Amino acid sequence: MKGNDVYYLKEFLSMGKSLKVFILDNNSVEFLTWVRESISPEKIFKHYDMILIPRWV
């Protein structure tokens, strides 16, 4: 994560409201691979305010 991204993330998290955060890890990727024919990723992701993807994914 770059410096500007960290600043933006801190600002977003300090808004004082409840946020829905999706952490896209290896298990999530596997799940999305299995269900992509039945449900689009957009339908899953649209319910979240933020999607975090660790470097190791």
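Above this text is the structure in question.
All of these numbers come straight from a predicted model, not from anything done at the bench. (Residues numbered from 1 in each chain as written. Predicted model: local features only at pLDDT ≥ 70, side-chain atom pairs only at ≥ 80, totals over all residues. Heavy atoms only, no water.)

**Observations concerning the overall build of the chain**
Consideration 1: Helix and strand counts for the chain stand at three helices and two strands.
Consideration 2: Taken against the 2.2 N^0.38 rule, which gives 10 Å for 57 residues, the C-alpha radius of gyration of the chain at 13 Å runs more than 25% over that of a compact globule.
Consideration 3: Summarising its shape, the C-alpha atoms of the chain cover approximately 35 × 25 × 15 Å along the three principal directions.
Consideration 4: For the chain, the exposed area adds up to about 5100 Å²; of that, 56% sits on carbon and sulfur atoms.
Consideration 5: Taken as two groups, the 8 positive and 7 negative side-chain charges of the chain have centres that lie 4 Å from each other. (Helix = DSSP H or I, 4+ residues; strand = E, 2+ residues; numbered from the N terminus. Rg over C-alpha atoms; globule rule 2.2 N^0.38 Å. Areas by Shrake-Rupley, 256 points an atom, 1.4 Å probe, with all protein chains shown as cover. Lys, Arg positive; Asp, Glu negative; His and termini not counted. Charge placed at Lys NZ, Arg CZ, Asp CG, Glu CD.)

**Regarding the side chain of Ser-28**
Consideration 1: With respect to the helices and strands, the residue Ser-28 is situated in helix 2 (residues 26–35).
Consideration 2: When near neighbours in sequence (up to four residues on either side) are disregarded, Ser-28 contacts Phe-22 and Ile-23. (Contact = heavy atoms within 4.5 Å.)

**Structural notes on the packing of aromatic side chains**
Consideration 1: Tallied over the full model, the rule gives two aromatic pairs.
Consideration 2: Taken together, a centroid distance of 5.2 Å and an interplanar angle of 80° make the contact between Phe-22 and Phe-45 edge-to-face. Linking Phe-22 in strand 1 (residues 21–23) with Phe-45 in helix 3 (residues 41–45), this pair joins segments that are 23 residues apart in sequence.
Consideration 3: For Phe-45, a relative accessible area of 22% corresponds to the partly exposed category.
Consideration 4: Judged by centre distance (5.0 Å) and plane angle (70°), the rings of Phe-22 and Tyr-48 are edge-to-face. Pair noted here: Phe-22 is in strand 1 and Tyr-48 is in the loop between helix 3 and strand 2 (50–52), with a separation of 26 residues, a long-range link. (Phe/Tyr/Trp six-rings, centres within 6.5 Å; stacked < 30°, edge-to-face > 60°. Buried < 20%, exposed > 50% of the residue type's maximum accessible area, 1.4 Å probe, protein only.)

**Observations concerning helix 2**
Consideration 1: Of the residues making up helix 2, those classed as buried are Ser-28, Leu-32 and Val-35. All buried residues of helix 2 lie within an arc of 75° about the axis, which places them on one face of the element. Exposed and oriented more than 90 degrees from the buried face of helix 2 are Asn-27 and Trp-34. (Arc of directions from axis to C-beta.)

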